[in-house]
Amino acid sequence: MATLDLQLGGSQTVPEDADDGVWLTCIECGETFAPFDDVRYTCDDCDGLLEVRYADSPTFDDFEGRGVWRYNAALPFEEGVTLPEGDTPLHRVPDLEEDIGVRNLRIKHEGMNPTGSFKDRGMTVGVRVAQAVGVDRLACASTGNTSAALSAYGARANLETLVLLPSGKVAAGKVAQASLHGARILEVDGNFDACLDIVQDLASRGEAYLLNSLNPFRLEGQKTIGFEILERFYEDEGRFPDRIVLPVGNAGNTAALYKAFRELVQSGALAPGDVPKLTGVQAEGAAPMVEAIENDLEDTKRWDDVETRATAIRIGNPVNAPKALPGIRNTGGTAVAVSDERITEAQRDLAEQGIGVEPASAASVAGLRKLRLSGEIDPGEDVVCLTTGHLLKDPEAAAEAGADPEPVPNDTDKVLKHLQGKRVSLGGDGLLGKVLGYVR
Ligand code: F0G
C-alpha cells in the first residue's frame with residue numbers, strides 16, 4: 001500500500017494575521033488569512049478552498065464536557081450558539097452486524113441532534129463565527145437539512161435567515177422546520193447546485209453570510225463527529241474503528257472527518273495506522289464523487305441531471321471534493337454508489353433495529369452491504385455507519401417504505417377478527433423479511 005499522506009498541508013508556522021492561534025489557509029496555494037477580519041469563503045489569490053488552522057493540534061486529553069463544545073480545544077471559540085448539539089448515540093446493532101457480516105457494526109445516529117441532522121454541529125460553530133465577523137443576514141442553499149439547522153440557529157442568535165431550496169425536491173419535515181423557525185424560504189426552479197450558485201453570488205455581493213459547507217468554519221463543528229466516534233468506540237472496544245461509512249452529497253462531512261483525523265495525527269494522539277478508512281456512499285443518480293474515485297480523477301465532473309429518492313444527497317457538483325477526495329484516498333477508503341431500492345431496504349433494516357433514519361442516511365448501510373457482498377470490505381472489520389438525518393425529516397419516504405395502516409371497523413370483536421387474518425411478507429430479502437401487508 002502507498003504511504004498515506006495524513007499531513008495537514010501548508011506551513012504550520014503561526015502567521016502574523018492569526019487571531020489567538022487561529023487562521024485560514026488555502027488548501028491549493030498555502031496563502032494564509034486572518035480568520036474573522038473580513039468575510040471570505042475561498043482564497044483571494046487562487047479561489048481554492050480554505051481550511052481553519054490552529055497553533056495547537058488537539059489530543060484526547062484536551063477534551064472535556066459534553067456535546068460539540070467538549071471539543072473546543074479543536075474549535076475557534078470556547079463556546080457558541082447552542083441548543084445543545086452532538087453527543088449522539090453510537091448504537092450497537094448485533095442482528096444487522098451478523099446479517100451484513102462484519103466483526104463489529106455501529107450506527108452513529110446523527111439524526112438525534114436538536115434539529116434532526118448532523119448540520120447542527122456545523123451551525124453551532126458557524127453562527128458563532130457569523131457573530132464574530134459581525135453580519136446581520138445568514139444564508140444557505142440546501143437540500144433541506146442545512147436550511148432547517150440554519151433557521152433554528154439563526155433564530156437562536158436573533159439573526160435574519162435566508163434559505164434557497166430546490167423547488168419540489170425538499171422533504172416536508174425540513175421545509176416545515178425552516179418555515180416555523182422564521183427563515184425566508186426562496187424556492188428556486190433548479191436543483192441544489194443551482195441554489196448554491198445563486199447564494200454564492202449573493203454572498204460575494206455582500207448580501208448575506210454564507211453558511212454552506214464551503215464556509216470552512218461549518219466543517220470545524222462537523223469534525224466533532226469524528227472525535228466522538230473515536231472516543232466512544234475506543235471506550236467500548238479498546239481500539240479505533242477500521243472504517244467509517246457515510247453518505248456523501250456536497251462532501252463536507254467527508255472533508256470534516258478527514259480533518260479531525262489529521263489533527264489528531266498531527267498532535268500524535270492518533271497513529272497514522274489507526275485512522276479509519278473513509279468510505280463515501282452516493283445514490284446512483286447523483287454520484288460524481290464515486291465517478292471521480294473509480295476513474296482516479298483529480299476533481300469531480302459536474303452532473304447536471306441528478307435524481308434520487310434520497311433528496312438530501314441529490315447533488316451533482318460537490319463543492320468540497322478537493323478536500324474530500326484526498327480524505328477518501330489518503331485513508332485507504334473508497335466510494336460506492338447504491339440504487340434507491342437498496343437505500344429503502346437499508347432504511348427498513350435500520351428501522352427493524354429501532355433506528356429511524358431518512359433515506360440519505362440509510363445509504364451508508366446500503367453501501368456497506370454492497371461492499372461486503374463484493375468482498376471490498378473484509379468480514380474482520382470494525383465499521384461505523386453514519387446515519388445523518390432523522391426518519392421524521394421525510395415522512396413521505398418513511399410511509400412509502402413502511403407498512404400501510406389497516407382500516408378496521410369501530411368494534412372490538414371485528415378488530416380481533418381482523419387481527420386473526422394472516423400476515424404476509426412481500427419483501428423478503430431484508431433481515432427478517434418485510435411485513436408490508438395483511439391478508440384479510
Ligand atoms: N445526509 C443528509 C441527511 C444530508 O442532509 C446531507 C447533506 C448529507 C448526508 C451529505 O452531506 O453534503 O456533507 O456530503 N445535506 C445538505 C443540505 C446538502 O443542504 O442539507 P455532505
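About the cut-offs
- Residues numbered from 1 in each chain as written.
- Predicted model: local features only at pLDDT ≥ 70, side-chain atom pairs only at ≥ 80, totals over all residues.
- Heavy atoms only, no water.
- Core = buried A, V, L, I, M, F, W, Y, C linked by side-chain atoms within 4.5 Å.
- Buried < 20%, exposed > 50% of the residue type's maximum accessible area, 1.4 Å probe, protein only.
- Helix = DSSP H or I, 4+ residues; strand = E, 2+ residues; numbered from the N terminus.
- Domains from an automatic or database assignment.
- Contact = heavy atoms within 4.5 Å.
- Buried area = accessible area lost by both parts, 1.4 Å probe.
- Salt bridge = Lys/Arg side-chain N within 4 Å of Asp/Glu carboxyl O.
- Polar contact = N/O pair within 3.5 Å; in protein donor to acceptor, adjacent residues only side chain to side chain.
- Nonpolar A, V, L, I, M, F, W, Y, C, P; charged D, E, K, R; others polar.
- UniProt positions renumbered as here; feature names shortened; annotations may be inferred.
- Phe/Tyr/Trp six-rings, centres within 6.5 Å; stacked < 30°, edge-to-face > 60°.
- Disulfide = S-S within 2.5 Å.
- Near = heavy atom within 4 Å.
- Areas by Shrake-Rupley, 256 points an atom, 1.4 Å probe, with all protein chains shown as cover.
- 1 Å grid on protein atoms, 1.4 Å probe; cavity = no way out; pocket = protein on both sides within 12 Å on 5 of 7 lines; lining within 4 Å.
- Sits in = over half its atoms within 2 Å of the grid points.
- pLDDT = per-residue confidence, 0-100.
- Pairing = 2+ DSSP bridges.
- Axes fitted to C-alpha atoms, helices over the stretch in contact; angles between N-to-C directions.

S.K.: So what exactly am I meant to see when it comes to the nonpolar core here?
M.R.: If you look at soluble globular proteins, the nonpolar side chains tend to sit buried side by side. Val127, Val129, Leu138, Tyr209 and Phe217 are the most contacted members of the largest nonpolar core, which has 54 residues in total. Element by element, the count of residues in this core is highest for helix H2 (residues 119-133), at 6 residues. Counting the residues that make up this core, at least three belong to each of domain 1 (86-115 + 216-397) and domain 2 (136-207). In contact with Phe217, other than residues within four places in its own chain, are Leu24, Pro35, Phe36, Val52, Pro76, Gly122, Val125, Val129 and Tyr209. Of all hydrophobic cores here, the second largest spans 29 residues; its members include Ile107, Val357, Ala360 and Val383.

S.K.: In this structure, what is going on with the domain arrangement of the protein? I would like to understand it.
M.R.: A common way to state how big an interface is: give the accessible area lost once the parts meet. Structurally, the protein comprises domain 1 (86-115 + 216-397) and domain 2 (136-207). The gap between the C-alpha centroids of domain 1 and domain 2 is 24 Å. Contact residues are listed per partner, giving 21 residues for domain 1 and 19 residues for domain 2. Among the residues of domain 1 in contact with domain 2, Thr115, Arg314 and Lys393 are the three that bury the most area, contributing 36% of the side total. For the interface between domain 1 and domain 2, the tally reads 3 salt bridges. Between Glu358 and Lys174 there is a salt bridge whose closest N-O contact spans 2.8 Å. Where domain 1 meets domain 2, there are 12 residue pairs in polar contact (both at pLDDT 80 or more). A breakdown of the residues in the side of domain 1 that touches domain 2 according to their chemical character gives 8 nonpolar, 5 polar and 8 charged.

S.K.: Where do I start with the UniProt feature "domain: Tryptophan synthase beta chain-like PALP" (unreviewed entry) in the protein in this structure?
M.R.: Summarizing the sequence annotation, UniProt attributes the feature "domain: Tryptophan synthase beta chain-like PALP" (unreviewed entry) to residues 81-389 in the numbering used throughout. Between the end C-alpha atoms of residues 81-389 the distance is 21 Å, and the span holds 45% helix and 17% strand.

S.K.: In this structure, what is going on with the packing of aromatic side chains? I would like to understand it.
M.R.: The geometry of an aromatic ring pair is captured by two quantities: the separation of the ring centres and the angle between the planes. Scanning all chains against the criterion turns up 9 aromatic pairs. Ring plane angle 45° and centroid distance 5.9 Å describe the contact between Tyr41 and Tyr209, whose orientation is recorded as tilted. In this pair, Tyr41 is assigned in the loop between strand S2 (32-33) and strand S3 (50-54) and Tyr209 in strand S9 (residues 209-210), connecting sequence segments 168 residues apart. Considering the side-chain rings of Phe63 and Tyr71, the 4.7 Å spacing of their centres and the 75° angle between planes classify their relative orientation as edge-to-face. Owing to a relative accessible area of 2%, Tyr71 belongs among the buried residues under this scheme.

S.K.: Teacher, can you tell me more about the state of the cysteines here?
M.R.: Here a disulfide denotes a covalent bond joining the sulfur atom of one cysteine to the sulfur atom of another. Per the stated rule, a full pass over the model turns up 0 disulfides. No disulfide involves Cys140; its nearest neighbouring cysteine sulfur is the one of Cys195, lying 9.6 Å away. Given the relative accessible area of 0%, Cys140 is considered buried.

S.K.: Help me out: how do you make sense of unusual backbone geometry in this one?
M.R.: For residues other than glycine, phi is negative in most cases, and the peptide bonds are mostly trans. The amide bond that connects Leu83 to the next residue, Pro84, takes the cis arrangement and shows omega of -10°. Within the element layout of this structure, Pro84 appears in the loop between S3 and strand S4 (90-92). Phi is positive for Asn158, which is not a glycine, with a value near 60°. One can find Asn158 in the loop between helix H3 (145-156) and strand S7 (160-166). The exposure class assigned to Asn158 is exposed, which follows from its relative accessible area of 70%.

S.K.: So what exactly am I meant to see when it comes to the side chain of Thr300 here?
M.R.: Along the chain, Thr300 turns up in the loop between helix H8 (288-294) and helix H9 (321-330). Residue Thr300 is classed as buried on the basis of its relative accessible area of 12%. There is a polar contact of 3.5 Å between the side chain of Thr300 and the side chain of Asp299. In contact with Thr300, not counting residues within four places along its chain, are Pro288, Met289, Ala292, Pro318, Ala321 and Leu325.

S.K.: Whenever I open this one, the site of the ligand confuses me. Can you help?
M.R.: With respect to spatial proximity, 21 residues lie near the ligand, and among them Ser142, Thr146, Gly249, Asn250 and Thr388 are the closest. Within the contact set of the ligand, an oxygen atom lies 2.7 Å away from a side-chain nitrogen or oxygen of Ser142. Between the ligand and the protein, one listed contact pairs an oxygen atom with a backbone N or O atom of Ala251 at 2.8 Å. Protein chains bury 99% of the 470 Å² of accessible surface belonging to the ligand in isolation. According to the grid-proximity analysis, the pocket containing the ligand is the largest cavity. Classifying every residue of the shell around the ligand by side-chain character gives 8 nonpolar, 11 polar and 2 charged. Looking at which domains feed residues into the shell around the ligand, each of domain 1 (86-115 + 216-397) and domain 2 (136-207) supplies at least three.

S.K.: What should I look at first to understand the UniProt feature "modified residue: N6-(pyridoxal phosphate)lysine" (unreviewed entry) in the protein in this one?
M.R.: When the UniProt feature table is mapped onto this chain numbering, "modified residue: N6-(pyridoxal phosphate)lysine" (unreviewed entry) sits at Lys119. Following the sequence through the fold, Lys119 ends up in helix H2. Beyond its immediate chain neighbours, meaning those up to four positions away, Lys119 contacts Asn145, Thr146, Ala149 and Arg218.

S.K.: Can you help me understand the confidence of the model for the protein in this one?
M.R.: Do not read the predicted coordinates in detail wherever pLDDT is low. Summary statistics for the protein give a mean pLDDT of 94 and a share of 95% for residues scoring 70 or more. The model gives residues 426-440 a pLDDT under 50, and that stretch makes 45 contacts with residues more than four places away or in other chains.

S.K.: I keep staring at the sheet that holds strand S8 (residues 184-188) and nothing clicks. Help me out?
M.R.: Sheet strands pair via backbone hydrogen bonds, and the direction of the pair is either parallel or antiparallel. Read across the sheet, 4 strands follow the order S8-S7-S6-S9 without closing on themselves; strand pairing throughout is parallel. At either margin of the open sheet sits one strand with a lone partner, and together these are S8 and S9. Bridge count for strand S6 (residues 137-141) against S9 is 2 bridges, and the pairing is parallel. The residue bridging Leu138 from the neighbouring strand is Tyr209, located in S9.

S.K.: I would appreciate a short explanation of the sheet that holds S2 in the present structure.
M.R.: Pairing in this open sheet of 3 strands is antiparallel, and the strands run S2-S1-S3 from one edge to the other. This sheet does not close on itself; its edge strands, each paired only once, are S2 and S3. In the packing of helix H6 (residues 216-237) onto the sheet, contacts are made with strand S1 (22-26) and S3, and the angle to S3 comes to roughly 60°.

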